Amino acid sequence: MNGFNAFASLFYRQVKRWASSRSRLISTIIQPLLWLVFLGLGFGGVFNPENINTSALGINATVMPVPVNVTGIVSRYFNMVFGGIDYVTFMVSGMVAMTAFMGSFIAGISVIWDKQFGFLKETLVAPAPRSVVIAGRIFGDAFVNTLQSAIIITLALLFTNNIRIAGIPISLLYVFIMAVGFTGLGTAISLKFSSMEGFQMIVNIITMPLMFMSGVFYPVKSMPTWMQYVAMFNPLTYAVHASRYWLTGADVGFDYMNPLVDIVVLSIISVVLLVVAMRMFERATIED
């Protein structure tokens, strides 16, 4: 078996495995949908200037020395904070990257599953370079996670009409690059665990802070200073910024961030994490 056949076989296996698993496909749709409905639509009402009851606040613009449009002022403020888009669109565009991010770590569970059922041992002794074998698996899972993000974009069209159709392929490219890196990280971590419980505990410790400090649910500039420093070194921040930029045109991030910076940072980190996963798989033994 040459390197290309090994890569293609593992790539195809991961895609087929996902497509044939109805429960995984349904959970891919349901979980982000729950975030969107209960958090997106909920906070969307909070950040909607039309829902402000100025009379309840004791504000009567008609009796002020200078006429004041309170709703208009608040509307301009929210437009500035969320990059000129409503909160639902803001959140949906960030969840595109978040979906692939969460799926990338979940891919590590399949490694543990294969370890328990002996398939991982077969790949370790396969007549092909181990680095190519694990790369095929990682790229296959990254492709699956990108497909899941595409599904989220499709669902987003039901909630907002501010998605730029022309920007979808470009945003998915950024998502795929990020997914390669985090799938590599998830795979590397899973190689050190034999139980799913321990792996899931570590994954939750890693993913939750990174998810909330990436700008998915609120702008990074609105975070406390120490959280902003963490967000600067969070790869997910750059994926969220890029997907939001290409899908909506909103440039909500740090001042130095732009699509070129995003793709450079994501590419470097993904290559590093991919190499780490390859090296760890090369050193893995049948007894692990």
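A quick note: this is a predicted structure, and the numbers were derived from the prediction, not measured. (Residues numbered from 1 in each chain as written. Predicted model: local features only at pLDDT ≥ 70, side-chain atom pairs only at ≥ 80, totals over all residues. Heavy atoms only, no water.)

Caption draft 1: Up close: helix α7 (residues 168-190). Here α7 contains 23 residues, and its C-alpha end-to-end distance of 31 Å stays within 8% of the 33 Å for a straight helix at 1.5 Å per residue. Along α7, 18 of the 23 residues are buried, which leaves the element largely enclosed by surrounding structure. (Helix = DSSP H or I, 4+ residues; strand = E, 2+ residues; numbered from the N terminus. Expected span 1.5 Å × (residues − 1). Buried < 20%, exposed > 50% of the residue type's maximum accessible area, 1.4 Å probe, protein only.)

Caption draft 2: Broad picture of a nonpolar patch on the surface. Where nonpolar side chains cluster on the molecular surface, the patch consists of I26, I30, L34, V37, F38, L158 and F159 and spans about 690 Å² of accessible area. Mapping I26 onto the fold places it in helix α2 (residues 22-46). (Patch = residues over 30% accessible without salt bridge, like charges linked within 9 Å, V, L, I, M, F, W, Y side chains within 5 Å. Areas by Shrake-Rupley, 256 points an atom, 1.4 Å probe, with all protein chains shown as cover. Salt bridge = Lys/Arg side-chain N within 4 Å of Asp/Glu carboxyl O.)

Caption draft 3: Expanded view of the packing of aromatic side chains. Within the structure shown, the criterion is met by 11 aromatic pairs. Taking 6.0 Å as the distance between ring centres and 50° as the angle between the ring planes, the aromatic pair formed by F139 and F176 counts as tilted. Placement of F139 in helix α6 (residues 130-156) and of F176 in helix α7 is noted, with a sequence separation of 37 residues between them. Each ring, one from F254 and one from Y256, has its centre 6.0 Å from the other, and the planes form 0°; the classification is stacked. For Y256, a relative accessible area of 38% gives the class partly exposed. Residue placement shows R244 over the ring face of F90; its charged tip is 3.6 Å from the ring centre. (Phe/Tyr/Trp six-rings, centres within 6.5 Å; stacked < 30°, edge-to-face > 60°. Lys NZ or Arg CZ within 6 Å of the ring centre and 35° of its normal.)

Caption draft 4: Seen up close, the packing of α6 against α7. For the pair α6 and α7, interaxial distance at closest approach is 8 Å and the crossing angle is 135°. In terms of axis orientation, α6 runs oblique to α7. Every pair of crossing elements has a handedness; the one defined by α6 and α7 is right-handed. Residues I134, I138, F139, D141, A142, F143, N145, T146, S149, A150 and I153 of α6 touch α7, and the partners they reach there are I168, S171, L172, V175, F176, A179, V180, T183, G184 and T187. Tallied by class, the residues present in the contact of α6 with α7 amount to 13 nonpolar, 7 polar and 1 charged. (Axes fitted to C-alpha atoms, helices over the stretch in contact; angles between N-to-C directions. Parallel < 35°, antiparallel > 145°, perpendicular 65-115°, else oblique. Left-handed = near helix turned anticlockwise from the far one by under 90°. Contact = heavy atoms within 4.5 Å. Nonpolar A, V, L, I, M, F, W, Y, C, P; charged D, E, K, R; others polar.)

Caption draft 5: Spotlight on the pattern of salt bridges. Summed over the entire model, instances satisfying the criterion amount to 1 salt bridge. D255 is paired through a salt bridge with K221; the nearest N and O atoms lie 2.4 Å apart. In this pair, D255 is assigned in the loop between α10 (235-248) and α11 (259-283) and K221 in the loop between α8 (196-212) and α9 (225-232), connecting sequence segments 34 residues apart.

Caption draft 6: Looking closely at the side chain of T89. Mapping T89 onto the fold places it in helix α4 (residues 87-117). Beyond its immediate stretch of four places on either side in the chain, T89 contacts T160, N162 and T248.

Caption draft 7: Molecular detail of the UniProt feature "transmembrane region" (unreviewed entry) in the protein. Cross-referencing UniProt, the feature "transmembrane region" (unreviewed entry) maps to residues 25-47, 87-113, 134-159, 165-189, 201-220, 226-247 and 259-281 in the present numbering. Spanning residues 87-113, this segment combines 100% helix with 0% strand, and its end C-alpha atoms are found 39 Å apart. Taken end to end, residues 226-247 is 91% helix and 0% strand, and its two terminal C-alpha atoms sit 29 Å from one another. (UniProt positions renumbered as here; feature names shortened; annotations may be inferred.)

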